[in-house]
Amino acid sequence: MRIETGVRPGRRANDPLRDIEIASLMAEAAGNNDDLKGVLLDLAEMIRTLKIVLDAKGEV
(Lines give C-alpha, C1' and ligand atoms only; values in the text may rest on other atoms or scores of the structure.)
Protein backbone atom coordinates (compact mmCIF):
# COMPACT_ATOMS: atom_id res chain seq x y z
CA MET A 1 0.00 0.00 0.00
CA ARG A 2 2.84 2.39 0.77
CA ILE A 3 4.27 1.98 -2.71
CA GLU A 4 0.84 2.39 -4.31
CA THR A 5 0.36 5.69 -2.49
CA GLY A 6 3.81 6.93 -3.43
CA VAL A 7 5.07 6.65 0.15
CA ARG A 8 8.37 4.90 -0.17
CA PRO A 9 9.66 2.78 2.71
CA GLY A 10 12.30 4.69 4.64
CA ARG A 11 15.87 3.68 4.25
CA ARG A 12 16.83 5.39 7.45
CA ALA A 13 16.33 4.11 10.97
CA ASN A 14 13.19 6.24 11.45
CA ASP A 15 10.86 4.22 9.22
CA PRO A 16 7.50 3.99 11.04
CA LEU A 17 6.90 0.43 9.86
CA ARG A 18 10.28 -0.65 11.23
CA ASP A 19 9.42 1.05 14.54
CA ILE A 20 6.15 -0.90 14.68
CA GLU A 21 7.96 -4.15 13.94
CA ILE A 22 10.51 -3.56 16.70
CA ALA A 23 7.80 -2.58 19.18
CA SER A 24 5.81 -5.72 18.37
CA LEU A 25 8.84 -7.96 18.87
CA MET A 26 9.66 -6.29 22.18
CA ALA A 27 6.05 -6.56 23.40
CA GLU A 28 5.86 -10.19 22.36
CA ALA A 29 9.11 -11.02 24.13
CA ALA A 30 7.89 -9.27 27.29
CA GLY A 31 4.47 -10.90 27.05
CA ASN A 32 2.82 -7.52 27.50
CA ASN A 33 -0.65 -7.49 25.93
CA ASP A 34 -1.11 -3.75 26.49
CA ASP A 35 1.99 -3.01 24.43
CA LEU A 36 0.76 -5.38 21.71
CA LYS A 37 -2.57 -3.55 21.64
CA GLY A 38 -0.69 -0.29 21.15
CA VAL A 39 1.32 -1.78 18.29
CA LEU A 40 -1.85 -3.01 16.60
CA LEU A 41 -3.47 0.41 16.98
CA ASP A 42 -0.41 2.07 15.43
CA LEU A 43 -0.51 -0.36 12.53
CA ALA A 44 -4.25 0.19 12.04
CA GLU A 45 -3.67 3.95 11.96
CA MET A 46 -1.01 3.54 9.29
CA ILE A 47 -3.29 1.34 7.17
CA ARG A 48 -6.19 3.76 7.60
CA THR A 49 -4.03 6.71 6.53
CA LEU A 50 -2.76 4.84 3.46
CA LYS A 51 -6.33 3.88 2.54
CA ILE A 52 -7.39 7.53 2.73
CA VAL A 53 -4.53 8.52 0.45
CA LEU A 54 -5.37 5.75 -2.04
CA ASP A 55 -9.04 6.72 -2.03
CA ALA A 56 -8.13 10.37 -2.65
CA LYS A 57 -5.90 9.40 -5.57
CA GLY A 58 -8.76 7.41 -7.08
CA GLU A 59 -11.02 10.48 -7.07
CA VAL A 60 -8.66 12.59 -9.14
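Placed above this text is the structure.
To keep things clear, this report deals only with the structure shown in the data block. (Residues numbered from 1 in each chain as written. Predicted model: local features only at pLDDT ≥ 70, side-chain atom pairs only at ≥ 80, totals over all residues. Heavy atoms only, no water.)

Comments concerning the overall build of the chain
Helices and strands together make up the secondary structure of the chain, namely 3 helices and 0 strands. Listed N to C, the secondary structure of the chain is α-α-α in terms of helices and strands. Entry remark: accessible area of the chain is about 4900 Å², with carbon and sulfur atoms responsible for 58%. (Helix = DSSP H or I, 4+ residues; strand = E, 2+ residues; numbered from the N terminus. Areas by Shrake-Rupley, 256 points an atom, 1.4 Å probe, with all protein chains shown as cover.)

A look at the pattern of salt bridges
Enumeration according to the criterion identifies 1 salt bridge in this entry. Ionic pairing is found between Lys-51 and Asp-55, a salt bridge with its closest N-O pair at 2.8 Å. Highlighted residues: Lys-51 and Asp-55, both in helix α3 (residues 33-58), separated by 4 residues, approximately one helical turn. In this structure Lys-51 comes out as partly exposed when scored by relative accessible area, which is 42%. Taking the relative accessible area as the measure of exposure, Asp-55 reaches 37% and is therefore partly exposed. (Salt bridge = Lys/Arg side-chain N within 4 Å of Asp/Glu carboxyl O. Buried < 20%, exposed > 50% of the residue type's maximum accessible area, 1.4 Å probe, protein only.)

Some points on α3
Its 26 residues place the ends of α3 37 Å apart at the C-alpha level, agreeing with the 38 Å of an ideal helix rising 1.5 Å per residue. Buried residues along α3 sit in contact with α1 (2-5) and α2 (16-30). Looking at where α3 begins, the residue whose side-chain oxygen comes 3.0 Å from the main-chain nitrogen of Asp-34 is Asn-32. (Expected span 1.5 Å × (residues − 1). Contact = heavy atoms within 4.5 Å. Polar contact = N/O pair within 3.5 Å; in protein donor to acceptor, adjacent residues only side chain to side chain.)

Focus on α2
For α2, with 15 residues, the first-to-last C-alpha span of 21 Å sits near the 21 Å given by 1.5 Å per residue. Downstream of α2 by one or two residues, Gly-31 has phi in the positive range, about 70 degrees.

Topic: the environment of Asp-42
Among the secondary structure elements, Asp-42 is positioned in helix α3. C-alpha separation for the pair Asp-42 and Ile-20, spaced 22 residues apart in sequence, amounts to 7.2 Å.

Some words on the packing of α2 against α3
Where α2 contacts α3, the two axes come as close as 9 Å, and the packing angle between them is 160 degrees. It follows from the interaxial angle that α2 and α3 lie roughly antiparallel. You can see that α2 and α3 cross each other, and the crossing is left-handed. For the pair α2 and α3, the contacting residues are Pro-16, Leu-17, Ile-20, Ala-23, Ser-24, Ala-27 and Glu-28 in the first and Asp-35, Leu-36, Val-39, Asp-42, Leu-43 and Met-46 in the second. Here the contact of α2 with α3 is composed, by residue class, of 9 nonpolar, 1 polar and 3 charged. (Axes fitted to C-alpha atoms, helices over the stretch in contact; angles between N-to-C directions. Parallel < 35°, antiparallel > 145°, perpendicular 65-115°, else oblique. Left-handed = near helix turned anticlockwise from the far one by under 90°. Nonpolar A, V, L, I, M, F, W, Y, C, P; charged D, E, K, R; others polar.)

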